[in-house]
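Chain by chain, the residues run as shown.
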2 protein chains.
Amino acid sequence: MARSASSRAGDIRAAALELFTRLGYEATTMADIGAAVGIRGPSLYKHVASKQELLAQIMTSTMEGLLAAHLAAVATTEDPTERLRRAAEAHVRYHARHRLEAFVGNREIRGLVEPHRGEVLALRAEYEACFRELVNAGISAGRFGVGSARLASYAILDLGMGVAVWFREDGELTEDTVVWQHGEFALRIVGVKA
Amino acid sequence: MARSASSRAGDIRAAALELFTRLGYEATTMADIGAAVGIRGPSLYKHVASKQELLAQIMTSTMEGLLAAHLAAVATTEDPTERLRRAAEAHVRYHARHRLEAFVGNREIRGLVEPHRGEVLALRAEYEACFRELVNAGISAGRFGVGSARLASYAILDLGMGVAVWFREDGELTEDTVVWQHGEFALRIVGVKA
DNA sequence: CCAAGTGGCTAATTACTATTAGCCGCGACT
DNA sequence: AGTCGCGGCTAATAGTAATTAGCCACTTGG
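Residues numbered from 1 in each chain as written. Chains lettered and ligands numbered in written order. Predicted model: local features only at pLDDT ≥ 70, side-chain atom pairs only at ≥ 80, totals over all residues.

### Quick notes on the overall build of chain A
Move 1: On a plain count of helices and strands, chain A comes out with eight helices and zero strands.
Move 2: When the helices and strands of chain A are placed in sequence order, the string is α-α-α-α-α-α-α-α.
Move 3: When its C-alpha atoms are laid out on the principal axes, chain A stretches across 60 × 40 × 30 Å.
Move 4: Of all 194 residues assigned to chain A, the portion counted as buried reaches 40%. (Helix = DSSP H or I, 4+ residues; strand = E, 2+ residues; numbered from the N terminus. Buried ≥ 20, exposed ≤ 12 C-beta atoms within 10 Å, placed from the backbone.)

Printed below as a string of structure tokens:
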């Protein structure tokens, strides 16, 4: 039953993710999560430690996944323009493909208690710094024309957050379309020359 | 005492706004709001009808203000490019100047119950449609070069949401800097020609 | 067949929350 | 001076939530 047991724990995490997205962390009850997997609220404690742990796992694994995707993307080239494009594409792709995780990750930081809160905020700050670096590198190389590197990197990051809000797997815009367009938007925002 | 009474109700709304932003609607208690204005939770009911009403007023007045700012902005010119720029500037300026309202307005729709929820969502849909129109007008006039009008308008709107998250009145970026830059970003996103 | 662990359940615990009820001081107007 | 209501307060109401306790069925390995 090892397989079935771990599947049950996974189902619970998936159900919690969906409910946290739809109702919000505070408004979701353990009974809700239990009902979503066909058991009663208290029975959840045979599989997970607490509601808070469910949230913390979602948040940290999301940030780690995002950072990993970013590092993989920038490792594929040295060119500042291409680096930024690929980073933006990876950013948006992650937010489209893991929209529930990203949605919860962005909105429920308030629901996290220490030490998880601090850890997640640190990961996020690191991620933002990576983007700022990319933009600054392009400016230093004379390839970008933009007033404020900070504003531009915020803007690119914000686009991903937005995607996690409105993207739908069954919508008329495919993941690739959205990813490609946003890579283009990112380059336009920083004012790529030539 | 008419002046003093209305001031007290206003203080309560302001305190609720700040707390809803910092803690979230669900996590904010009436006792919290009371403490912020120096009274006990139950005493709030001498001034406001309910916690839900506090949220509803914030949300509807925010959306109405945003829509009004948009209409005023687009009424200043007929040129598609300038219209989009001014709409984007108004959008961002509103989100910077009323960042708490905009923040709560974007994140706490889930906490609203009907009929307020439907009303706010309708206002928001109307607002989004206005932007899509502007982008489509520019495309039809052959002034913009962008793959998807929907994507571009979402992107411009998302930038405003982002501003409400990170903007600080006492930060190093002034409101005008942010507004001006985002007007530029909007035009770059839609690929303004010449 | 049995012993034990796994994973469910209900009931209890503890704590909190929105809101209402009912009381009271105090300033304003008669 | 008296009364009226505004705007506080505390206590009560009623409901909900996370988590724990204790019980039981069922599988499973001996």
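The discussion continues.
### Considerations on the relation of the copies chain B and chain A
Move 1: Between chain B and chain A, which share one sequence, the superposing operator has a rotation angle of 180 degrees and an axial displacement of 0.0 Å; the RMSD is 0.0 Å. Here the two chains are linked by the operation of a two-fold rotation axis. Measuring from the rotation axis to each C-alpha of chain B, the shortest distance belongs to R188 of chain B, at 2.8 Å.
Move 2: Comparing interface residues between copies, 100% of those in chain B also lie at the interface in chain A; the contact surface is shared. (Least-squares fit on C-alpha atoms with pLDDT ≥ 70 in both. Contact = placed C-beta atoms within 7 Å.)

### Observations regarding the packing of helix α4 (residues 80-97) of chain A against helix α6 (residues 116-140) of chain A
Residue and element names in this part refer to chain A.
Move 1: The interhelical angle for the contact between α4 and α6, taken along N-to-C directions, is 155 degrees, at an axis separation of 9 Å. As summarised for this structure, α4 and α6 are arranged roughly antiparallel, according to the angle between their axes. For the element pair α4 and α6, the recorded crossing hand is left-handed. Facing α4, whose interface residues are P80, T81, R83, L84 and A87, α6 presents F131, L134, V135, A137 and G138.
Move 2: Here the contact of α4 with α6 is built from residues that sort into seven nonpolar, two polar and one charged. (Axes fitted to C-alpha atoms, helices over the stretch in contact; angles between N-to-C directions. Parallel < 35°, antiparallel > 145°, perpendicular 65-115°, else oblique. Left-handed = near helix turned anticlockwise from the far one by under 90°. Nonpolar A, V, L, I, M, F, W, Y, C, P; charged D, E, K, R; others polar.)

### What to know about unusual backbone geometry
Move 1: Going from E114 of chain A to P115 of chain A, the amide bond is cis rather than trans, its omega being 10 degrees.
Move 2: Inspection of the secondary structure puts P115 of chain A in the loop between α5 (99-107) and α6.

### Topic: helix α8 (residues 175-189) of chain B
Move 1: Here α8 of chain B contains 15 residues, and its C-alpha end-to-end distance of 21 Å stays within 8% of the 21 Å for a straight helix at 1.5 Å per residue.
Move 2: Of the residues making up α8 of chain B, those classed as buried are V178, V179, Q181, H182, G183, F185, A186, L187 and I189 of chain B.
Move 3: In this structure, the buried residues of α8 of chain B make contact with α7 (149-166) and α8 (175-189) of chain A together with α4 (80-97) and α7 (149-166) of chain B.
Move 4: Phi for G191 of chain B, located one or two positions after α8 of chain B, is positive at around 65 degrees. (Expected span 1.5 Å × (residues − 1).)

### Focus on the environment of E101 of chain A
Residues and elements named next belong to chain A.
Move 1: Tracing the backbone shows E101 in helix α5.
Move 2: Through-space distance from the C-alpha of E101 to that of A36 is 18 Å; in sequence the pair is 65 residues apart.
Move 3: Apart from the residues lying within four places of it in its own chain, the contact partners of E101 are L17, I58 and T62.

### Considering the domain arrangement of chain A
Residue and element names in this part refer to chain A.
Move 1: Along its sequence, chain A is carved into domain 1 (1-48) and domain 2 (50-189).
Move 2: The C-alpha-based centres of domain 1 and domain 2 are spaced at 27 Å.
Move 3: If one sorts the elements of the side of domain 1 that touches domain 2 by residue count, helix α1 (residues 2-23) sits on top with six residues.
Move 4: Here the side of domain 1 that touches domain 2 is built from residues that sort into six nonpolar, one polar and three charged. (Domains from an automatic or database assignment.)

### Quick word on the packing of helix α6 (residues 116-140) of chain B against α7 of chain B
Residue and element names in this part refer to chain B.
Move 1: Remark: α6 packs on α7, axes separated minimally by 9 Å, with the N-to-C direction vectors making an angle of 125 degrees. When the axes of α6 and α7 are compared, the pair comes out oblique. Here α6 runs over α7; the crossing is right-handed. When α6 is examined against α7, the residues E128, F131, R132, V135, N136 and I139 are found in contact with a partner set consisting of A149, R150, A152, S153, I156 and L157.
Move 2: Taken together, the residues of the contact of α6 with α7 sort by class into seven nonpolar, two polar and three charged.

### Things to note about the confidence of the model for chain A
Move 1: Per-residue confidence for chain A gives a mean pLDDT of 94; residues scoring 70 or more make up 97%.
Move 2: The low-confidence segment residues 1-5 of chain A, where pLDDT is below 50, has zero contacts with residues more than four positions distant or belonging to other chains. (pLDDT = per-residue confidence, 0-100.)

### Some remarks on the environment of T60 of chain A
Move 1: Inspection of the secondary structure puts T60 of chain A in helix α3 (residues 51-74).
Move 2: As a C-alpha pair, T60 of chain A and E101 of chain A span 41 residues in sequence and 10.0 Å in three-dimensional space.

### Here's the deal with α7 of chain A
Move 1: With 18 residues, α7 of chain A should cover 26 Å at 1.5 Å per step; its first-to-last C-alpha distance of 26 Å lies within 8% of that length.
Move 2: Most of α7 of chain A is tucked away: 14 of the 18 residues are buried.

### Some remarks on the environment of D79 of chain B
Move 1: Looking at the element boundaries, D79 of chain B is found in the loop between α3 (51-74) and α4.
Move 2: By the C-beta count within 10 Å, which is 14 here, D79 of chain B ends up partly exposed.

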